[in-house]
Amino acid sequence: MYKLIAIDVDDTLLNDDLIVTEGTKQALAAAIEQGVLVTLATGRMYASAHQIAKQINLNVPLITYQGSLVKTLLDGQVLYERSVPTDAAKQLDAYCVEHGLHLQLYVDDVLYVREDNDKAKKYSRLSNIPYVVDPDFDALLNKPQTKMLIIDEPELLDRVKEELTPLLGDRVHMTKSKPHYLEFTHIEGTKGHALQFLAEHNGYTVEQAIAIGDAWNDREMIEVAGLGVAMGNAQPALKEIANYVTLTNNEEGVRHVIEKFVLNTNGQTPAGARQHVEQN
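Read on for an overview of the structure.

### Some thoughts on the pattern of salt bridges
And then number 1: Counted by the stated rule, this structure contains 17 salt bridges.
And then number 2: Residues Asp116 and Lys121 are paired through a salt bridge, measuring 3.1 Å at the closest nitrogen-oxygen approach.
And then number 3: The exposure class assigned to Asp116 is partly exposed, which follows from its relative accessible area of 43%.
And then number 4: For the salt bridge of Glu220 with Arg219, the shortest nitrogen-to-oxygen distance reads 2.8 Å.
And then number 5: Owing to a relative accessible area of 11%, Glu220 belongs among the buried residues under this scheme.
And then number 6: Judged by its relative accessible area of 23%, Arg219 is partly exposed.
And then number 7: Each of Asp8, Lys191 and Asp218 takes part in salt bridges that share partners, so that together they form one network.

### Some thoughts on the environment of Leu28
And then number 1: Of note, Leu28 is situated in helix H2 (residues 22-33).
And then number 2: With a relative accessible area of 1%, Leu28 lands in the buried category.
And then number 3: The spatial distance from the C-alpha of Leu28 to the C-alpha of Thr165 is 38 Å, given a sequence separation of 137 residues.
And then number 4: With near-sequence residues (within four places) excluded, Leu28 lies in contact with Ile7, Leu13, Val38, Ile56 and Ile258.

### So, the sheet that holds strand E3 (residues 62-64)
And then number 1: Within the open sheet, the three strands sit side by side as E3-E4-E5. Their pairing is antiparallel. Across the chains shown, the open sheet's two edge strands, defined by having one partner strand only, are E3 and strand E5 (78-81). Direction aside, the axes of adjacent strands within the sheet are offset by 15° on average.
And then number 2: Bridge analysis of E3 against strand E4 (residues 69-71) gives three bridges, and the strand direction is antiparallel. For Ile63, the partnering residue across the bridge sits in E4 and is Val70.
And then number 3: Sheet strands touched by helix H8 (residues 191-201): E3, E4 and E5. Its angle to E5, the strand with the most contacts, is close to 145°.

### Notes on the environment of Asn264
And then number 1: Tracing the chain through its elements places Asn264 in the loop between helix H11 (253-263) and strand E15 (274-275).
And then number 2: Taking relative accessible area as the criterion, Asn264 reaches 60% and is therefore assigned exposed.
And then number 3: For Asn264 and Ala29, which are 235 residues apart along the polypeptide, the C-alpha to C-alpha distance reads 14 Å.
And then number 4: In this view, Asn264 contacts Ile258 and Glu259; residues no more than four positions away in its chain are not counted.

### Quick look at H8
And then number 1: When we look at burial in H8, the residues that qualify are Lys191, Gly192, Ala194, Leu195, Leu198 and Ala199. The arc enclosing the buried residues of H8, seen along the axis, measures out at 165°, which places them on a common side.
And then number 2: In this structure, the buried side of H8 is in contact with strand E1 (4-7), strand E2 (37-40), E3, E4, strand E12 (209-213) and helix H9 (219-224).
And then number 3: Immediately downstream of H8, the backbone of Gly203 shows phi near 80°, a positive value.

### Comments concerning the packing of helix H4 (residues 86-99) against helix H7 (residues 154-168)
How two helices pack is summed up by the angle between their axes together with the distance between the axes.
And then number 1: At a minimum axis separation of 11 Å, H4 and H7 run at an interaxial angle of 145°. Considering how the two elements wind past one another, H4 and H7 form a crossing that is right-handed. Touching Ala88, Gln91, Leu92, Tyr95 and His99 of H4 are Val160, Glu163, Leu164, Leu167 and Leu168, all from H7.

### What to know about the sheet that holds strand E7 (residues 110-113)
And then number 1: Strand order in the open sheet formed by six strands is E8-E7-E6-E9-E11-E10, and the pairing between neighbours is mixed. Edge strands, defined here as strands with exactly one partner in the open sheet, are strand E8 (132-133) and strand E10 (172-178).
And then number 2: Across four bridges, the pairing between strand E9 (residues 147-151) and strand E11 (residues 181-186) is antiparallel. Residue pairing in the sheet places Ile150 in a bridge with Leu182 of E11.
And then number 3: Contacts from helix H5 (residues 118-127) reach strand E6 (102-107), E7, E9, E10 and E11 within the one sheet, and its direction differs from that of E6 by about 45°.

### Focus: the packing of H2 against H11
And then number 1: Across the interface, H2 lies against H11 with an axial gap of 9 Å and an inter-helix angle of 30°. Relative to H11, the element H2 lies roughly parallel. Like other packed secondary-structure pairs, H2 and H11 cross with a definite hand, here left-handed. The residues of H11 that touch H2, namely those facing Gly23, Thr24, Ala27, Leu28, Ala30 and Ala31, are Val254, Arg255, Ile258, Val262 and Leu263.
And then number 2: Per-class residue counts for the contact of H2 with H11 are eight nonpolar, two polar and one charged.

Analysis parameters
Residues numbered from 1 in each chain as written. Predicted model: local features only at pLDDT ≥ 70, side-chain atom pairs only at ≥ 80, totals over all residues. Heavy atoms only, no water. Salt bridge = Lys/Arg side-chain N within 4 Å of Asp/Glu carboxyl O. Buried < 20%, exposed > 50% of the residue type's maximum accessible area, 1.4 Å probe, protein only. Helix = DSSP H or I, 4+ residues; strand = E, 2+ residues; numbered from the N terminus. Contact = heavy atoms within 4.5 Å. Pairing = 2+ DSSP bridges. Axes fitted to C-alpha atoms, helices over the stretch in contact; angles between N-to-C directions. Arc of directions from axis to C-beta. Left-handed = near helix turned anticlockwise from the far one by under 90°. Parallel < 35°, antiparallel > 145°, perpendicular 65-115°, else oblique. Nonpolar A, V, L, I, M, F, W, Y, C, P; charged D, E, K, R; others polar.

Pasting the structure below:
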């Protein structure tokens, strides 16, 4: 029944050691062998997602930048792209300057920061992507912004989001990929929009898709997919809207989903996984 699987990367496909286990790789390969299109759906840059995809031998279009960019692996063809409106991007930058917030820009798959600091360094290490220090954000903001990101304390970011929603909410999608990452994309730059596009692009319905994730930025794709799956380590609110809750990222939760719903080799639901609601 399922023809497409979209898998979040951090805290979903990757365990806490930032690796894809051999068991999960085998399950992914078996699904692909059966003709299922397996892709990544991540907030990461395309350059970063590309590194993960090579580890698991994917050769399909990847959903990156929260859904703002769908791009093929083999020839780098852009299939779907949305950018933050320029006026909204400049408004967000002005807000960050006024409040002393660390803002990152993503232009042409290059990460830019205004100044070198610990936040940029830590982000770079996690994503395995270099960054460019460019104090002249005014020039950069005239270019298409695939994504913009503020890094700060979770409670502060909650207040920032509340303040910015009435200012930008009709033009920009705001979400958290991690508690200390507040991300901004085009209003149609979500994993849900990208998943729907990719399904239709390949001649499938979105009901034939499985979406697996752990964070609130996975909400849109989990809501639109025929089978929306929350990881065992997912946020409680995400578990509430998911069709199925699998094991954690350290217990090969992705492998369990593939074996249960695609390969049909895992008839019993292990402790820690549960059906939440009836399938869409």
